[in-house]
Amino acid sequence: MSVVELLSDYTIQNVVAGAALLGLVSGVLGSFAVLRQQSLLGDTMSHAALPGVCLGFIIAGTRDIGSILLGALATGALAALVMLLLTRMSRLKTDAGLGITLSVFFAMGVVLLTHIQGMNNASQGGLDAFLFGQAAATLRSDLWIMGGITAVALLLVAALWKEFKLVSFDPEFATSLGMPVAWLEVLLTVMVALAVVVGLQMVGVVLMAAMIIAPAVAARQWSRRLEDMVLLAALIGVAGGIFGALLSALSRGLATGPLIILSVSSVVLVSMTVAPERGFLWEALRRVRARRRLRYQQVLTTLYRLAVHHDDPVYPSEQGMLDTYHGLRTRAVLSQLERRGLAEWQASPHGEPGPARRWVLTPAGIAEAERVLDALGREDA
Amino acid sequence: MLTALLDNVALQIMLVGALVGIASTLVGTFLVLRGTSMLSDAIGHSIVFGIVIVWLITHQQSGPVQILGAALAGVLTVFLTELLVSTRRVKKDAAIGLVFPVLFSIGVLLLNLYARDVHIDTHTVLLGEIGFVWLDTVTLGDYRVPRSLLSMGAMTLLNAAFVVLFFKELKLATFDEALAKALGLAPGLLFYALLLLTSGTAVAAFDAVGAVLFVAFVIVPPSTAYLLTDRLWLMFLYGIAVSIASSVSGYALAVAWDVSIGGMMAVMTGVFLMLAFLAGPRYGVVAQLLRRRGQRRHNEIRTLAVHLYNHEGGPEQGEENVIRALRDHLRWDAAKAVGVVQRGSDQRLIVREGEALRLTSRGREMAREILDPSGRRSA
């Protein structure tokens, strides 16, 4: 299938648009969740959406996406509340609170799911598609709802930008400014539930955790400012979503959700490796440079100290002696010093034993060594 | 008796459920105490990856090798998570949430590609089906024993042996890792062994309860126990009791309502947790509220006693030591003032004479005690 054919396919258009919406909303909202160290809250809420999906179905009587998503939003938010109560009012820690709510709410969902299956309602088919998502079943009407939710979430973020920013970085300061911190946190949490609701159809409950976390973590590697991070996370989310959806359309038979997750997760891996400042590659490079600089300074100051020690500014040092002194071959470092005009390779004085040529500091070398020692001395002080 | 058990499907299902709960409690207790419960969620999901890989290599779905192989995938998850955290580029929660979806996704895609006809369908992955455990049996001597019963029984024994053998070391490594390290106990290694057993338990429980319900059995019974006691060995006992009670009551309710058995068992663990959360003797919400109310009431009576004592015999005794003054000077509303006075006279600390309030000798003693706790009498 050519790209043009691919893009004119109705189903694929829907899936790609849905994946892009999901990437957008989870990238933006995930940034706040990751910064506030609530990454796993998304995981809990997506699992807890299952009973809501079932309740929505039971109440509406059909597979009406509106009531199903409303149900998902309700139980997702309820789970967050229960989790908060469990950890605030007992000695249970956050991780236990998350795990308890996640698994017990999900279990309720399973129970309701089997109850629905027992009702012998013909329209129940495809309900458990919410577990893994069923991107291919996305309808144009679903897209409108997902788009609406995304728009609401983005508008809220835009309207309350300064407040959200402060609450994410310095909640105490926000409190002291008289901001309704508790309400803002509730709002942020509910918005994660919104993202989860958008993701149910596309990637399902299990993989939503990664969709919230991965774009934000990837974006974090490239930027320091929240503005850039949120924009970049949205971009990565959209790109990963579209790429995964297209890949799944091309491969015929590979599930969409996992492909989307693997796409955004590879962006995380690449970002962690090559992002300037925070990437592993740059860190390794920095380390090599620092080590080289250190060696260079060490050899230079050794030459200088030997000269001072012998009261002879042009005291000639043997290569072998320097090697022994530093415990490794110093030839490369010395050549570097020579290239910079800091040291010279001179003929030995006549009649002395040892090799024919020795290293001597140039006046520039002496000045540089004094500068280095001076700087080191300042650091010690 | 054995024949009776093996003929009784209900008993087998409940037994497997209880064994899943017990085996999970044995390892889960340490996870909950260490604050690393969510690792069980990650492990539960990524063993799917392990199961698929092992299946691709051996084309067998069960047996000790499969359990060990898939369990290693669980340990891999934890290893990768710790690796990510050690780069200091992500926090622990984000690291967990990054690693397991990737492994899970790869597992699902491999299933898509190579194993369409294996019974590990996506439904089983999450939910399992404990109701069918009696269908998959192996013949042992004269008996046909459910495979899950064997594997869960073995895992339970293994976990129990580990906990009993290393009880002291585990306890120390959990509560004081630094000291354990200083004593040369290698708490890190112990932790990984614990996680290997957790993964093994997840694999063994996989067919019965699936990836997500497994999390309930690992976290909820130990958390319930944690709300009830401070002693480690009691935590095990309570956790095991909750596991057994959940599987029995869960089975009964599931049959009555015709719903998922595994799901109902997991819901019941949640119900027991809620009970402990609300009605636990020491850490329960009700107990906390009662204690706080008792404290508040006690303080009110103390306030009253001191107030009366301060004005006793003074010129303003007539207008201070009356109920009306409590309203004006202590800012208590009428109902509260009457209530406190009532309780004070019930405890025979004060006596009411019409409008006037008078301290009894006990009340006076109490006020003196408050004002001069060290017992030094001034003059």
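Rules used in this analysis
- Residues numbered from 1 in each chain as written.
- Chains lettered and ligands numbered in written order.
- Predicted model: local features only at pLDDT ≥ 70, side-chain atom pairs only at ≥ 80, totals over all residues.
- Heavy atoms only, no water.
- UniProt positions renumbered as here; feature names shortened; annotations may be inferred.
- Helix = DSSP H or I, 4+ residues; strand = E, 2+ residues; numbered from the N terminus.
- Rg over C-alpha atoms; globule rule 2.2 N^0.38 Å.
- Buried < 20%, exposed > 50% of the residue type's maximum accessible area, 1.4 Å probe, protein only.
- Contact = heavy atoms within 4.5 Å.
- Areas by Shrake-Rupley, 256 points an atom, 1.4 Å probe, with all protein chains shown as cover.
- Lys, Arg positive; Asp, Glu negative; His and termini not counted.
- Charge placed at Lys NZ, Arg CZ, Asp CG, Glu CD.
- Buried area = accessible area lost by both parts, 1.4 Å probe.
- Salt bridge = Lys/Arg side-chain N within 4 Å of Asp/Glu carboxyl O.
- Polar contact = N/O pair within 3.5 Å; in protein donor to acceptor, adjacent residues only side chain to side chain.
- Patch = residues over 30% accessible without salt bridge, like charges linked within 9 Å, V, L, I, M, F, W, Y side chains within 5 Å.
- Pairing = 2+ DSSP bridges.
- Domains from an automatic or database assignment.
- pLDDT = per-residue confidence, 0-100.
- Phe/Tyr/Trp six-rings, centres within 6.5 Å; stacked < 30°, edge-to-face > 60°.
- Lys NZ or Arg CZ within 6 Å of the ring centre and 35° of its normal.
- Axes fitted to C-alpha atoms, helices over the stretch in contact; angles between N-to-C directions.
- Parallel < 35°, antiparallel > 145°, perpendicular 65-115°, else oblique.
- Core = buried A, V, L, I, M, F, W, Y, C linked by side-chain atoms within 4.5 Å.
- Expected span 1.5 Å × (residues − 1).
- Bend = angle between axes of the 7 residues up to and from the residue.

Per an unreviewed UniProt entry, chain B goes by the name Zinc ABC transporter permease and belongs to Halomonas aestuarii. Quoted straight from UniProt, the Subcellular location (unreviewed entry) entry for chain B says "Cell membrane".

Looking at an unreviewed UniProt entry, one finds chain A named ABC transporter, with Halomonas aestuarii as its source organism. Recorded in UniProt under Sequence similarities (unreviewed entry), the annotation for chain A is "Belongs to the ABC-3 integral membrane protein family." Under Subcellular location (unreviewed entry), UniProt gives the following word-for-word description of chain A: "Cell membrane".

I would appreciate a short explanation of the overall build of chain B in the present structure.
Secondary structure assignment for chain B yields 17 helices and four strands. In terms of overall dimensions, chain B is more spread out than a globule: its C-alpha atoms have a radius of gyration of 30 Å, far above the 21 Å expected for 379 residues. Counting only C-alpha atoms and orienting by the principal axes, one finds that chain B spans roughly 95 × 50 × 35 Å. Burial statistics for chain B: of 379 residues in total, 52% are counted as buried. Taking as baseline every contact in chain B between residues at least 6 positions apart, the subset at least 24 positions apart corresponds to 68%. Here chain B has roughly 17400 Å² of accessible surface; of this, 61% comes from carbon and sulfur atoms. Each charge class in chain B can be summarised by its mean position, and for the 32 positive and 28 negative side chains these summaries are 8 Å apart.

Teacher, can you tell me more about the interface of chain B and chain A here?
When the parts of a complex come together, some accessible area is lost, and that lost area is often taken as the interface size. Every contact between the two is made by 60 residues of chain B and, on the other side, 54 residues of chain A. Between chain B and chain A, roughly 4700 Å² of surface is buried when both sides are summed, and carbon and sulfur atoms account for 74% of that area. Taken together, the links from chain B to chain A amount to two salt bridges. A salt bridge links Glu283 of chain A to Arg89 of chain B, with the nearest nitrogen and oxygen atoms 3.1 Å apart. At the boundary of chain B and chain A, one finds twelve residue pairs in polar contact (both at pLDDT 80 or more). Every element with two or more residues in the side of chain B that touches chain A is listed here: helix H2 (9–34), helix H3 (38–58), helix H5 (92–114), helix H6 (122–127), helix H10 (187–226), helix H12 (261–279) and helix H13 (285–311) of chain B. Broken down by element, the side of chain B that touches chain A gets its largest block of residues, 15 residues, from H5 of chain B.

Mind showing me how you'd approach a nonpolar patch on the surface here?
Residue and element names in this part refer to chain A. Together, Trp222, Val270, Val274, Leu281, Trp282 and Leu285 make up a nonpolar patch on the protein surface, roughly 540 Å² of accessible area in all. When contributions to the nonpolar patch are tallied by element, the ones reaching two or more residues are helix H12 (256–274) and helix H13 (280–309). Positionally, Val270 belongs in helix H12. Overall, Val270 belongs to the partly exposed group, its relative accessible area being 47%.

What am I meant to see in the side chain of Ser246 of chain B here?
Residues and elements named next belong to chain B. In this structure, Ser246 sits in helix H11 (residues 232–257). A relative accessible area of 0% means that Ser246 is categorised as buried. Filtering out sequence-adjacent residues up to four positions away, Ser246 remains in contact with Tyr251, Met265, Met268, Thr269 and Phe272.

So what exactly am I meant to see when it comes to the pairing of strand E2 (residues 357–361) of chain A here?
When a strand is regular, its side chains alternate between the sheet's two faces. All names here are of chain A. Counted residue by residue, E2 has four buried out of five residues, so it is predominantly covered. Looking at chain direction, strand E1 (residues 343–347) and E2 are connected through five bridges and run antiparallel. Paired with Gln346 across the strands is Arg358, a residue of E2.

I keep staring at the domain arrangement of chain A and nothing clicks. Help me out?
Segmenting chain A into domains produces domain 1 (3–254) and domain 2 (282–380). The gap between the C-alpha centroids of domain 1 of chain A and domain 2 of chain A is 61 Å.

Any chance you could explain the domain arrangement of chain B here in plain terms?
Here the domain parsing of chain B yields domain 1 (2–215) and domain 2 (287–371). If you average the C-alpha positions of domain 1 of chain B and of domain 2 of chain B, the two centres end up 61 Å apart.

When you look at the confidence of the model for chain B in this model, what are you seeing that I'm missing?
Parts of the model with low pLDDT should not have their predicted coordinates read in detail. Confidence along chain B averages 85 in pLDDT terms, with 94% of residues attaining 70 or more. Our summary of model confidence lists the complex with pTM equal to 0.83 and ipTM equal to 0.86.

In this structure, what is going on with unusual backbone geometry? I would like to understand it.
What is expected of a backbone is that most residues other than glycine have negative phi and most peptide bonds are trans. Non-glycine residue Gln37 of chain A carries a positive phi angle of around 55°. Assignment of secondary structure puts Gln37 of chain A in the loop between helix H2 (10–35) and helix H3 (39–60). The backbone phi angle of Arg348 of chain B is positive, close to 55°, even though this residue is not glycine. Note that Arg348 of chain B resides in the loop between helix H16 (334–346) and strand E3 (350–353).

Sorry, what's going on with the packing of aromatic side chains here?
The description of an aromatic ring pair rests on the distance of the ring centres and on the angle between the ring planes. Applying the stated rule across the entire model yields six aromatic pairs over all chains. An angle of 65° between the planes, with centres 5.8 Å apart, marks the rings of Phe32 of chain A and Phe164 of chain A as edge-to-face. Placement of the pair is Phe32 of chain A in helix H2 and Phe164 of chain A in helix H8 (residues 161–169), with a sequence separation of 132 residues. The exposure class assigned to Phe164 of chain A is buried, which follows from its relative accessible area of 0%. Members of the aromatic cluster, connected to one another through ring pairs, are Phe32, Trp161 and Phe164 of chain A. One cation-aromatic arrangement involves Arg34 of chain B over Phe191 of chain B; the distance from NZ or CZ to the ring centre is 3.6 Å.

What's the story with the packing of H3 of chain A against H5 of chain B in this structure? I'm lost.
A pair of packed helices is characterised by two quantities: the angle between their axes and the separation of those axes. Remark: H3 of chain A packs on H5 of chain B, axes separated minimally by 7 Å, with the N-to-C direction vectors making an angle of 50°. Classed by the angle they form, the pair H3 of chain A and H5 of chain B counts as oblique. Within the contact between the two elements, H3 of chain A uses Ser39, Leu40 and Asp43 of chain A and H5 of chain B uses Asp93, Ala94, Ile96, Gly97 and Phe100 of chain B.

What am I meant to see in the pairing of E3 of chain B here?
Residues and elements named next belong to chain B. In the sheet, E3 pairs with strand E4 (residues 356–359) via four bridges, with the strands oriented antiparallel. In the sheet register, Arg352 faces E4, and the bridge partner there is Leu357. As consecutive antiparallel partners, E3 and E4 are separated by two residues, and within that stretch Gly354 has a phi angle of approximately 65°, a positive value.

It is not clear to me how the pattern of salt bridges should be interpreted in this structure. Could you clarify?
A side chain of one charge can pair with a side chain of the opposite charge if their charged atoms are brought near each other. Enumeration over the complete set of coordinates arrives at 13 salt bridges over all chains. We note a salt bridge from Asp230 of chain B to Arg91 of chain A, for which the minimum N-O separation is 2.7 Å. Separated into two different chains, Asp230 of chain B in the loop between H10 and H11 and Arg91 of chain A in the loop between helix H4 (65–88) and helix H5 (94–118) make up a pair that spans both. Here Asp230 of chain B falls in the partly exposed class, since its relative accessible area comes to 45%. Beyond isolated ion pairs, a larger network of salt bridges with shared partners links Lys165, Arg225, Glu227 and Asp228 of chain A.

What's the story with the nonpolar core in this structure? I'm lost.
If you look at soluble globular proteins, the nonpolar side chains tend to sit buried side by side. Core analysis: the largest hydrophobic core is formed by 187 residues, its most contacted members being Phe106 and Val217 of chain A together with Ile130, Met152 and Val209 of chain B. Per-element accounting of this core gives the leading share, 28 residues, to helix H10 (residues 181–222) of chain A.

Please clarify how H2 of chain A should be interpreted in this entry.
The α-helix advances 3.6 residues per turn, and as a result positions three or four apart in sequence lie on the same side. Residue and element names in this part refer to chain A. With 26 residues, H2 should reach 38 Å at 1.5 Å per residue; the first-to-last C-alpha distance of 38 Å fits that figure. If you look at H2, its biggest bend is around 30°, right at Leu29. Among the 26 residues in H2, 20 count as buried, and that is most of the element. With a side-chain oxygen lying 2.8 Å from the backbone nitrogen of Thr11, the N-terminal cap of H2 falls on Asp9. Gln37 sits one or two residues past H2 and shows a positive phi near 55°.

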